[in-house]
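Now for the letters of each chain:
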Amino acid sequence: MITILISLLLLLVGIFFPNNSKFSILGWMFLGWLSISAPKEYLSDYSTYNLVYNNLSSYSGTFEVGYTQLEYFANNFGLTFDQFRSIFVISALLMMYLGIRRFTKNHALFLVMYLLTFYGYDLIQMRSQFMMGSVLLGYSVLISEKISKLRLICAIFIIYLGSLIHTSGYIFLVALFIYIFIKKFDNILNIALPGATIL
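Our subject in this report is the structure included herewith. (Residues numbered from 1 in each chain as written. Predicted model: local features only at pLDDT ≥ 70, side-chain atom pairs only at ≥ 80, totals over all residues. Heavy atoms only, no water.)

Once that is clear, we can look at a positive patch on the surface. On the surface, Lys22, Arg101, Arg102 and Lys105 cluster together to form a positively charged patch. With respect to the helices, strands and loops of the structure, lysine 22 is situated in the loop between helix 1 (2-16) and helix 2 (25-37). Taking the relative accessible area as the measure of exposure, lysine 22 reaches 76% and is therefore exposed. (Patch = residues over 30% accessible without salt bridge, like charges linked within 9 Å, V, L, I, M, F, W, Y side chains within 5 Å. Areas by Shrake-Rupley, 256 points an atom, 1.4 Å probe, with all protein chains shown as cover. Salt bridge = Lys/Arg side-chain N within 4 Å of Asp/Glu carboxyl O. Lys, Arg positive; Asp, Glu negative; His and termini not counted. Charge placed at Lys NZ, Arg CZ, Asp CG, Glu CD. Helix = DSSP H or I, 4+ residues; strand = E, 2+ residues; numbered from the N terminus. Buried < 20%, exposed > 50% of the residue type's maximum accessible area, 1.4 Å probe, protein only.)

Written out as structure tokens, the structure reads:
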């Protein structure tokens, strides 16, 4: 019920106060709280993630290499699964926040759309949430008047790291390469078309 009320509040703020990035910090905090404190019985993959985390030495499944390495690191550091999950989810939300703030000042509208669409899936599939956070952050690096090679390398690297956590991130990496190709092709056309006209 509280999620519905918060979603309604965010929707109203998003519609009537579009420049709400400072106010929406409360929305981001709610999302973090909800992600950490969601009842385990609603998280269908929680028991699988928990089982794997607590039995890493005997697990022979196929979680992505990046996620598995993070599990090993956290487990060896002495973190419980819930501690690891909390840090992991907050990191994903932080990347989302940093990415979204470069795209828009209307965080409330983004938050309500996210809560009502993909959030339920991301809450269960925390690796997907982390990957989407890295994609948003990576793409946001490209927001600039002129895209430098350094920005491009950073974007590719950030999205690649997300792909190591959830392989569907490779789709967004391919999309980035298509974007780069189109930009290069567009630059060639801008030079070639006037030249062809003169000839």
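Turning our eyes to something else, we now look at the side chain of glutamate 64. With respect to the helices and strands, glutamate 64 occurs in the loop between helix 3 (46-54) and helix 4 (65-77). Side chain to side chain, glutamate 64 and arginine 127 meet in a polar contact 2.3 Å long. Here glutamate 64 is in contact with Arg127, Ser163, Leu164, Ile165, His166 and Thr167, once residues within four sequence places are set aside. (Polar contact = N/O pair within 3.5 Å; in protein donor to acceptor, adjacent residues only side chain to side chain. Contact = heavy atoms within 4.5 Å.)

So, on to the side chain of serine 24. Following the sequence through the fold, serine 24 ends up in the loop between helix 1 and helix 2. Among the polar contacts listed, one links the side chain of serine 24 to the side chain of asparagine 20, at a separation of 2.8 Å. In this view, serine 24 contacts His107, Ala108 and Leu111; residues no more than four positions away in its chain are not counted.

Across the 10 residues that make up helix 6 (residues 107-116), a large majority, 7, are buried. Of the positions making up helix 6, those classed as buried are His107, Ala108, Phe110, Leu111, Val112, Tyr114 and Leu115.

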